[in-house]
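One-letter residues, chain by chain:
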Amino acid sequence: MCASKLRLARCCRSLQQLFVVMVVLASFSTLLTYQIGTNLPWTDSKDVRVENPRPPEPDTNHKAGSVRRVRHLRQQSMEDHHNHRHLSQASKSAQILTRLLQIEDQLIAISNRRKVLVLGSNESFPGQVDTLRQTFSENDFKMVAKIERPGVQSDLEKDTSLAREWSMFWCLSHNCSYNMLKHIYQLVNWIPFLASHLMSPSKLCLTQTSLQNVLDEPSPYSFCVVLSDAKTLLQRPKYPSQTLQYAIKPARSKLEDVMVTSLLHQTQLHLEKDTVVWTSPQGFLSLGNQTLVLRLSILVSSLSPLRIYLHPTGTQLGYMSQQKEYNTILTVRRAIIQEYGQKAATTWWLHLQHKLVALLLAAELDSQDCGCPRCSQLLDVDVMFTTDYHTIVLQVSPPEFSAGHTDVLEDAVAIITSIDRVAMDVAMVLDTVGQDVYLANQDCPGSFGLCLTDHDLVYLLDNKQELRAPTQFLKIYPHIKSSQYAGIINKLRQTSIQSRSGSLHMLSGIELSTNEKQQKCHMTSDLHSLLTSMENSYLDDRNDHGPVPETNSVQRPGAQVQPPLQKAPTEKNQEQTECSNDARDAPYLSSITTFPEISLNPTFDPSHLIYHAEVDYNTFLLRISARTRSCKYEARIDSSYSAMQMTNYTLGVGENVIHVTIVDPTHPQALVVSTYTVTIRRRSSDFYLPEYSLDSTLLTCTLKQDCSLQYDPSQPCGLQSVKGKGQRWSTFIEMSSHLPQCHNLHSAVWYVPCESCGRMDSCHWKQARWQNSGCTTRFLSVPEVQKCLSGRKLLFIGDSTNRGILHYILERVNGSLTQWDKTHNLKIYRNINQNSTVLSFTYYPQFWLPSDHRPAFDKAVYQLIRSTLPLENSSNTVLVVGGVHWLGKQHLTLILNALNRERLTGVRLVMKGLGAGFHQLVKGVRFAPLDEQRRLLGQEQETEEFAAKHGFGVVPTYNMTMARYKDFLQGKCACHFHKITEKYSSPKDELPSYHVEGVINRWYSELVINEICQDQAPD
């Protein structure tokens, strides 16, 4: 037999090596083809097809050769990117497969040792060693028993290398040495954290209380008390009612010792320390006039990420019925159906699964150690149920095995020690599930990809191997319907359970300590979508897809848990409805629809909550809708607007984050069940252009207004060619360096370098300049700005566009922006410019308040002045006012009156003009049609004239922003031309600084600085 196994192993090894060679040859062939293609002579451009070709441009300058050369370079760049992407994909898949095979070799090598070390105390060995020895012997393992004495250092603690001699450690006393956990390939039947967390009555009670909101348990909640010492209990009920009941389970008691009473307030009871008392206002579920108390056998084959099984025949009852014994999940199910009906039984089963998964997910979040991916744990879980079928866990304890009850132990050993060649299966599924996965040592693209560590790969291999194990275990998580747990996972991110523990770790992962290096340990939430997709891909590998069978026969390998209380699968072939009344569908969307249609990455899957997409520059308005699976719940955009109908959403240049929430509309505050996040990156206008250089082929073009929003009928729209000496951009730059500084920008236009003045997308807009034809615009240097603002106080009043200017000046003066906020109130910044400058800001107007509750403008000015005192009545005090559409002459008059009352008539005043915005019809913000946009041009001109007449320095911004109205950044109003982003000076920095992005914001902010620093403005 051994010789047969050896020949089979050599054969599998040969096939494996052949497959690796084939993958390497395929990658080399792709690389060779790519290199040859890049060196082939180019044909005429009309014979070359490119993906998403750009429309031909008119050759207005009769420079056909130059244009063809630019097209050639652009086209070559796109094809290089296309080929590189396919080459990277092939290389990535080969590397993942190679690493999977390497790890699988090590797992098989460890398994082939066939040695198990059983560790325990003198108290734990009797009655279990013989049962274990027989079980391991049947699985071809040699067992060695070893007593661990408290306080005595074992050989394993002295020499960690000894741990590698064993295939598996089996701990009976749960005080095994931590050294055995330091090798990620070692099998251990002990998860240390579960012993201290779930097996602690007080912590188990506290965790369940925290999970009640997560599991949508009805109010008034059931609650528990763990007695800290022995006491005589005589108490009045907290919720007096006819249904109220108490469940009392003494510490370390048998299942049949659980007592249920409704007369606790009338009966004097003496209870020992650590007794658990559960109070249920609804009462406890009973069968045949007896309270239903069960002991379930649970296998946690991995805690982080989670993998959990339930044994259907490992069920014990807290009492014996006079007629029958309920010793399996199926017999309990039949009893519930007979007494309460099919719907009740389905609800009971779903709540049981959800409670087990949520309890272990909460334990995972509290755990600080996920360094043992092959640690497993068998648990006895004592449960009761309320009359609305919610599950209460009374106790979690390690199992005890006797000679007559070994089914659970035998199946546990079989599933944990199963070993097979599955690496190629796992690699193929990873390559087809539609998600970007990489090895952790590759260049992983962060939020757009998943970096798999060795810890993750071990998990994936073990998960696949366990599917093939011939056991009766029912898989609870992950499985093909794991999407039902997305709501639980999502809520655990957001609920108050974090405040309970005070230290729940971020779901993005914690550090995993291995014997080689520090790696990131992914948690269940990180891999949930991937695991669900893989389980569905494995579906064809199973021989059993249906509900739990009605017999007690052993299921076939890889049996997948299905709700045993649901109707038969054949009933699913009935006419499909648009929504479902199934409670499991509550946290899921059935679809996300957009117009224009965009490609989501990954492809939409209800169980996946996070998506990414990219759109071109000219897609700045997206219509989006979403449908829920459940009829009782509602989808909303950003928690506010119904997603049943198409909703308009503005897309700024760069990243835009859309949240689609599922809410319970019957709840007074529309309780959020789950949240889907769609991040859409809108490309910049010069996305397809080659890198900018001061090239002689670039032309100088001007822009006064965009033809798609012609707000000034008296002016030409679109790009205009510059005639004369400045026709070439390089010449224009040279000529501008000799022009005087612009002091009046009322007639300014955008000057921009373009390949052609006939196409907006051929221009390098980041190099554009806002100036007049006879002068230029120069900016002060940092030392000059610091010197100018030293000893000054700058007061800003206005909306978010004025706040963007303030943040820009903060970064300009300090070199970095160390703090920022989206304040909608009063804010003062004092640690500026080496504490020599003070900036203050107050938000106006507060649109979100009712009109009769909004602070008056003059009151806002007064509060700003009083909060920044003392103020000098000189140019050392500067007041800057600005807004998108609301600013008018009346506001400037109120400012002048306020300053006059405060005797500050000598301060420097700056008005930043109106701005583009509100040109899209979007819910939640006002809409300004074309007629109003044209009226606003006159309003700004009138306000500017008034401001200049009364001593304000004026920075006109309406023409500047309207000409490039499509360049707005994220925000519903389409009026923001700035965005704050995080940046780190070095990888070791723990705290970020911030950077103000936005080319247009930079221009009008620098012009505001020039107005403030008139005495030092560049000539």
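Residues numbered from 1 in each chain as written. Predicted model: local features only at pLDDT ≥ 70, side-chain atom pairs only at ≥ 80, totals over all residues. Heavy atoms only, no water.

**Some remarks on the confidence of the model for the protein chain**
- Residues at a pLDDT of 70 or more form 72% of the protein chain, whose mean pLDDT is 77.
- Note on residues 540-577: pLDDT under 50 across the span, and 80 contacts to partners over four residues away in sequence or across chains. (pLDDT = per-residue confidence, 0-100. Contact = heavy atoms within 4.5 Å.)

**Considering the pairing of strand β13 (residues 294-302)**
- The buried count for β13 comes to 9 of 9 residues, which makes it a mostly enclosed element.
- Sheet topology note: the β13/strand β15 (residues 377-385) ladder contains 7 bridges and is antiparallel. Counted as the bridge partner of V300 is Q377 from β15. (Buried < 20%, exposed > 50% of the residue type's maximum accessible area, 1.4 Å probe, protein only. Helix = DSSP H or I, 4+ residues; strand = E, 2+ residues; numbered from the N terminus. Pairing = 2+ DSSP bridges.)

**Digging into the nonpolar core**
- W348 and L430 are the most contacted members of the largest nonpolar core, which totals 90 residues.
- With 14 residues, the single largest contributor to this core is helix α8 (residues 342-366).
- Grouped together as the second largest cluster of nonpolar side chains are 89 residues, L719, L745, Y958 and V996 included. (Core = buried A, V, L, I, M, F, W, Y, C linked by side-chain atoms within 4.5 Å.)

**Digging into the sheet that holds strand β1 (residues 115-120)**
- Strand order in the open sheet made by the 4 strands is β2-β1-β3-β4, with parallel pairing throughout. The open sheet is flanked by β2 (142-147) and β4 (187-188), the only strands paired with a single partner.
- By the bridge criterion, 2 bridges tie strand β3 (residues 168-171) to β4 in an arrangement that is parallel. Counterpart to F169 in the pairing with β4 is V188.

**Points about the pattern of salt bridges**
- Throughout the structure, instances matching the rule amount to 23 salt bridges.
- A salt bridge links D616 to R683, with the shortest nitrogen-to-oxygen separation between them at 2.6 Å. Of the two residues, D616 is situated in the loop between β23 (610-615) and β24 (621-628) and R683 in the loop between β29 (671-682) and β30 (699-703); the sequence distance between them amounts to 67 residues.
- By relative accessible area, which is 36% here, D616 ends up partly exposed.
- Of the residues examined, R683 reaches a relative accessible area of 18% and is grouped as buried. (Salt bridge = Lys/Arg side-chain N within 4 Å of Asp/Glu carboxyl O.)

**Quick word on the sheet that holds β24**
- Read across the open sheet, the 3 strands follow the order β22-β24-β27; overall the sheet is antiparallel. Where the open sheet ends on each side, the last strands, each with one partner, are β22 (589-595) and β27 (647-650). This sheet shows a mean twist of 30 degrees between the axes of neighbouring strands, independent of strand direction.
- Summarising the sheet, β24 and β27 pair through 4 bridges and their orientation is antiparallel. Looking at β27, one finds that L622 is bridged to Y649. (Axes fitted to C-alpha atoms, helices over the stretch in contact; angles between N-to-C directions.)

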